[in-house]
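As a plain string of letters, each chain reads:
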Amino acid sequence: MNARIPLMSRPVPVVVFILCALLLDQAVKFAVEMWLPFQEAVHVTPMLALYRTYNYGVAFSMLSGMEGWFIVTLRLFVVGFVIWLWRQTPKERGFAHAGYAFIIAGAFGNLIDRALFGYVIDYVLFYTETWSFAVFNLADSFITIGAGLVILDELLLLRRRDR
């Protein structure tokens with residue numbers, strides 16, 4: 001019996017998804033640049049604010065002291081590695097493939113910012129009176145969702161093997 005190949009295990013839907021995710025990410029960042037004040041919190045809910053700032057490093061401002069070319073090279077290496085993983089992963093593992101697509105979309109979204117501006121535009125801030133999370137963006141969310149899907153796929157694979 002031939003199993004159906006999941007949608008995100010096929011190249012064309014993945015490329016379409018990545019392009020749509022990139023367009024959405026860049027449109028939101030454009031709107032943020034146009035209408036959100038720089039480094040001034042715009043409170044949305046008691047624990048959520050929009051806060052435009054620039055990230056000169058990678059996720060959560062790590063490596064912010066490194067040269068731009070190093071960060072771009074690192075991101076391109078990561079994208080290349082994730083594309084390699086997508087190709088090597090068996091086609092029936094749809095959650096992993098979807099996760100890789102999210103990671104690629106997020107990495108490219110931030111890479112576009114880095115190439116155009118020399119920094120990444122961040123704008124989402126979760127906080128309390130005594131704590132705040134790093135400011136992030138939609139592309140970062142894509143990467144996080146992607147990592148979650150890959151982990152979910154691995155857990156499901158372990159569960160199937162244990163049966």
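Right above here is the structure, for reference.
Residues numbered from 1 in each chain as written. Predicted model: local features only at pLDDT ≥ 70, side-chain atom pairs only at ≥ 80, totals over all residues. Heavy atoms only, no water.

## Comments concerning the nonpolar core
By size, the foremost hydrophobic cluster in this structure holds 20 residues, and its most contacted members are Val 14, Ile 18 and Tyr 100. Broken down by secondary-structure element, the contributors of at least two residues to this core are helix 1 (11–35), helix 2 (68–88), helix 3 (94–117) and helix 4 (138–162). With nine residues, the single largest contributor to this core is helix 3. Look past the residues within four positions of Val 14 in its chain and what remains in contact with it is Met 8, Trp 86 and Ala 101. The next biggest cluster of nonpolar side chains, apart from the first, holds seven residues, and it includes Leu 36, Ile 121, Val 124 and Phe 136. (Core = buried A, V, L, I, M, F, W, Y, C linked by side-chain atoms within 4.5 Å. Buried < 20%, exposed > 50% of the residue type's maximum accessible area, 1.4 Å probe, protein only. Helix = DSSP H or I, 4+ residues; strand = E, 2+ residues; numbered from the N terminus. Contact = heavy atoms within 4.5 Å.)

## Here's the deal with the sheet that holds strand 2 (residues 48–55)
Pairing in this open sheet of three strands is antiparallel, and the strands run 1-2-3 from one edge to the other. Each end of this open sheet is capped by a strand with a single partner; those strands are strand 1 (42–45) and strand 3 (120–126). Taken pair by pair, the neighbouring strands of this sheet meet at an average axis angle of 35 degrees, ignoring direction. Here strand 2 runs beside strand 3; their pairing, made up of six bridges, is antiparallel. Bridge assignment links Leu 50 to a residue of strand 3, and that residue is Val 124. (Pairing = 2+ DSSP bridges. Axes fitted to C-alpha atoms, helices over the stretch in contact; angles between N-to-C directions.)

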